[in-house]
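Spelled out, the chains give:
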Amino acid sequence: QVQLVESGGGLVQAGGSLQLSCAASGNIARVGIMAWYRRAPGKQRELIATITSNGNTNYVDSVKGRFAISRDNALKTVYLQMNSLKPEDTSVYYCNVDATTYPRLIFLQYWGQGIQVTVSS
């Protein structure tokens, strides 16, 4: 089983910055794609950024140029640096990780518990 622990959320003023972290632990053999999603009040969950194991990244248009996803493969941790935050970025943010575990070595998706980010105007 894989556990994902998120940290770094909170309340920030518009224009400010926050960095989210998500650390994976458990009987992990390999970590594949790592991603961040978010869900704003009354909206569906939205994929905002992904990063492959060799560092290729993709972003949804609404965060391009403001957010940066990165990872530390040795620590099995993914980060989301959020700059120039806007009130519309207010959401619960979730990390999502593809990973294989011993002994089955089958890729499965795992979710963090979610962390609140609130941007005040």
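Calculation notes
Residues numbered from 1 in each chain as written. Predicted model: local features only at pLDDT ≥ 70, side-chain atom pairs only at ≥ 80, totals over all residues. Heavy atoms only, no water. Salt bridge = Lys/Arg side-chain N within 4 Å of Asp/Glu carboxyl O. Helix = DSSP H or I, 4+ residues; strand = E, 2+ residues; numbered from the N terminus. Buried < 20%, exposed > 50% of the residue type's maximum accessible area, 1.4 Å probe, protein only.

**Student:** Before we go on, may I ask you to explain the pattern of salt bridges in this structure?
**Tutor:** Pairs can form between side chains of opposite charge once their charged atoms are near each other. Using the criterion set out here, one finds four salt bridges in the structure. Aspartate 89 is paired through a salt bridge with arginine 38; the nearest N and O atoms lie 3.0 Å apart. Highlighted residues: aspartate 89 in the loop between strand S8 (77–82) and strand S9 (91–101) and arginine 38 in strand S4 (residues 28–39), separated in sequence by 51 residues. Here aspartate 89 matches arginine 38 in class, with each residue buried. The residue lysine 64 makes a salt bridge to aspartate 61 at a minimum N-O spacing of 3.1 Å. Looking at aspartate 61, the relative accessible area reads 61%, which means it is exposed. Each of Arg38, Glu46, Arg66 and Asp89 takes part in one network of salt bridges that share partners.

**Student:** I keep staring at unusual backbone geometry and nothing clicks. Help me out?
**Tutor:** Of note, the amide linkage connecting tyrosine 102 to proline 103 takes the cis form, showing an omega dihedral of 0°. Within the fold, proline 103 resides in the loop between S9 and strand S10 (108–111). Non-glycine residue serine 84 carries a positive phi angle of around 50°. You can see serine 84 is positioned in the loop between S8 and S9. Given the relative accessible area of 41%, serine 84 is considered partly exposed. For leucine 105, which is not glycine, the phi dihedral falls at a positive 55°. As for its position among the elements, leucine 105 is in the loop between S9 and S10. Taking the relative accessible area as the measure of exposure, leucine 105 reaches 49% and is therefore partly exposed.

**Student:** Just checking my understanding: could you explain the environment of lysine 86 for this structure?
**Tutor:** You can see lysine 86 is positioned in the loop between S8 and S9. According to the relative accessible area criterion, lysine 86 is partly exposed, its value standing at 34%. Separated by 71 residues in the primary sequence, lysine 86 and glycine 15 have C-alpha atoms spaced 6.4 Å apart.

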